[in-house]
Amino acid sequence: DGVAQGRGIKCSLCTKILKKIQSLAGDDPDEAAVAAALQKGCQVLGRTVGKLCQRVVKKYREQITEGLQNGDMPRDICTAMGICRS
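The model shown is predicted, which means the values in this text are computed figures rather than measured ones.

**Structural notes on the state of the cysteines**
Per the counting criterion, the structure on display carries 3 disulfides. For Cys11, the disulfide goes to Cys84, at an S-S distance of 2.0 Å. One quick way to see it: the torsion about the S-S bond of Cys11 and Cys84 is about 100°, and its sign makes the bridge right-handed. Of the two residues, Cys11 sits in helix H1 (residues 2-25) while Cys84 sits in the segment after helix H4 (74-80), which places them 73 residues apart along the sequence. The burial state of Cys11 is the same as that of Cys84; both residues are buried. Bridging Cys42 to Cys53, the disulfide has an S-S length of 2.0 Å. In this structure, the disulfide formed by Cys42 and Cys53 twists by about -75° around the S-S bond and is classed as left-handed. Residue Cys42 is found in helix H2 (residues 31-44), and its partner Cys53 is found in helix H3 (residues 47-69); the two are separated by 11 residues along the sequence. Classification of Cys53 by relative accessible area gives buried; the value is 0%. For the protein chain, the bonded cysteines connect in the pattern 1-6, 2-5, 3-4 when numbered consecutively along the sequence.

Reading the values: the criteria
Residues numbered from 1 in each chain as written. Predicted model: local features only at pLDDT ≥ 70, side-chain atom pairs only at ≥ 80, totals over all residues. Heavy atoms only, no water. Disulfide = S-S within 2.5 Å. Helix = DSSP H or I, 4+ residues; strand = E, 2+ residues; numbered from the N terminus. Buried < 20%, exposed > 50% of the residue type's maximum accessible area, 1.4 Å probe, protein only.

And the structure:
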């Protein structure tokens, strides 16, 4: 169905966004590193994805920051935010 398909696209985008942010933040990032990566990550993803990225980051900033600091996988963070299905 359309909703599940839309969710699948959102899920893969979320995972892509978080992988980018994770690689920018580096291993064992502190809050400042994550904040910088969140800002930069959306810019390097291009215009369309970048806009979506900014919405996701704004809405889930704390969960993303916490997840990255805990060393969670991007997919797990997206699932925790309810964007991906486990």
